[in-house]
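# Observations on chain architecture
So the chains spell out like this:
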Amino acid sequence: MFVLLFGPPGSGKGTQALALAERLGVPHVATGDIFRKHLREGTELGRRVRAYMDRGALVPDLVTCDLVGSRLSEPDAARGVLFDGFPRSVPQLYWLIGHLGASARTLAAVVNLQVPDDAILARITGRRTCTNCGATYHTVSAPPLPDGSCSRCGAAVVQRKDDVEDVVRDRLVAYGAQTFPCLAELRDRLPVHDLSGEGGIDEVQRRIFASLAL
Ligand code: ADP
Ligand code: ADP
Ligand code: ZN
């Protein structure tokens, strides 16, 4: 089952994706997490995408689709994946439909998390991210351990370079201009569950599970 998790930056996709992927029994594929791993490891791909990510712009479609194509060819992705942050543009969406179509695999559903811009800014400027496992925290609502380390793996937890207000605003503009139009295209093809991403993390999780009858 291929499920897409949509929503603006900071809407809670990464937070919700872990439990949802586990329940669906498919891997969680977050393009942002994969790009950040390349940045950390200083790979050739990391060097190509850094400037886009730092300024809150989308990485070019060809680079992104290539990356997703190779991830989908891994054996654990054969039965489906939970996409988080992909597709993020209409060309990426059409690439995905074409790519899955060729292998007779299809998209099952979209979960679209809706959170107003002011709440997003508060969430994302307080976000802290583990440098090792990618777990996310929040200075107020979900703090890391008192010594500032990750409660899952013990590594250091830091603020992402693109989680500062100026860059967040640019990311929200990119979301509206490039990602949001995907939703209209998707509505013609499969169930799109528009859910409020506000309220507690557990409450949002219950909403998501209920919408997918899990
Ligand atoms: P968030 O979780 O806040 O929405 P992500 O971790 O998903 O942020 O993405 C961080 C950055 O990585 C984006 O601003 C963009 O530069 C790049 N990125 C991630 N996914 C994509 C994608 N599907 N297409 C293009 N760029 C992407
Ligand atoms: P995304 O992957 O969509 O960019 P995240 O899952 O990383 O978003 O969440 C962004 C920030 O908001 C993180 O600091 C996270 O701890 C916090 N957060 C996530 N869900 C909620 C929620 N329901 N209520 C309050 N804060 C939340
Ligand atoms: Zn960690």
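Refer to the structure printed above.
Here we summarise the structure given alongside this text. (Residues numbered from 1 in each chain as written. Chains lettered and ligands numbered in written order. Predicted model: local features only at pLDDT ≥ 70, side-chain atom pairs only at ≥ 80, totals over all residues. Heavy atoms only, no water.)

The biggest cluster of nonpolar side chains holds 22 residues, and the ones touching the most others in it are Leu72, Phe83 and Leu186. Put simply, the parts of the chain that give this core at least two residues each are strand S1 (2-6), helix H4 (61-72), helix H5 (90-102), strand S4 (107-114) and helix H7 (165-187). If you tally residues by element for this core, the top one is H7, at four residues. With residues near it in sequence (within four places) discarded, leucine 72 still touches Phe2, Ala77, Val81, Phe83, Leu96, His99, Leu100 and Arg105. Listed in part, the 16 residues of the second largest apolar core include Leu20, Ala109, Val111 and Leu113. (Core = buried A, V, L, I, M, F, W, Y, C linked by side-chain atoms within 4.5 Å. Buried < 20%, exposed > 50% of the residue type's maximum accessible area, 1.4 Å probe, protein only. Helix = DSSP H or I, 4+ residues; strand = E, 2+ residues; numbered from the N terminus. Contact = heavy atoms within 4.5 Å.)

Distances from the zinc ion (ligand 3) to its protein donors, Cys130 (SG), Cys133 (SG), Cys150 (SG) and Cys153 (SG), fall at 2.3 to 2.4 Å. Given four donor atoms and angles of 99 to 116° at the metal, the environment of the zinc ion (ligand 3) is assigned as tetrahedral. Coordination of the zinc ion (ligand 3) draws on donor residues from a single chain, spaced C-x2-C-x16-C-x2-C in sequence. Separated by 20 residues along the polypeptide, cysteine 133 in the loop between strand S5 (127-130) and strand S6 (136-138) and cysteine 153 in the loop between S6 and strand S7 (157-158) bring together distant segments of the chain. Residue class for cysteine 133 comes out partly exposed when judged on its relative accessible area of 31%. For cysteine 153, a relative accessible area of 33% puts it in the partly exposed group. (Donors = N, O, S within 2.8 Å, 3.2 Å for Na, K, Ca; no water. Tetrahedral: all angles 85-135°; square planar, octahedral: opposite > 155°, others 65-115°.)

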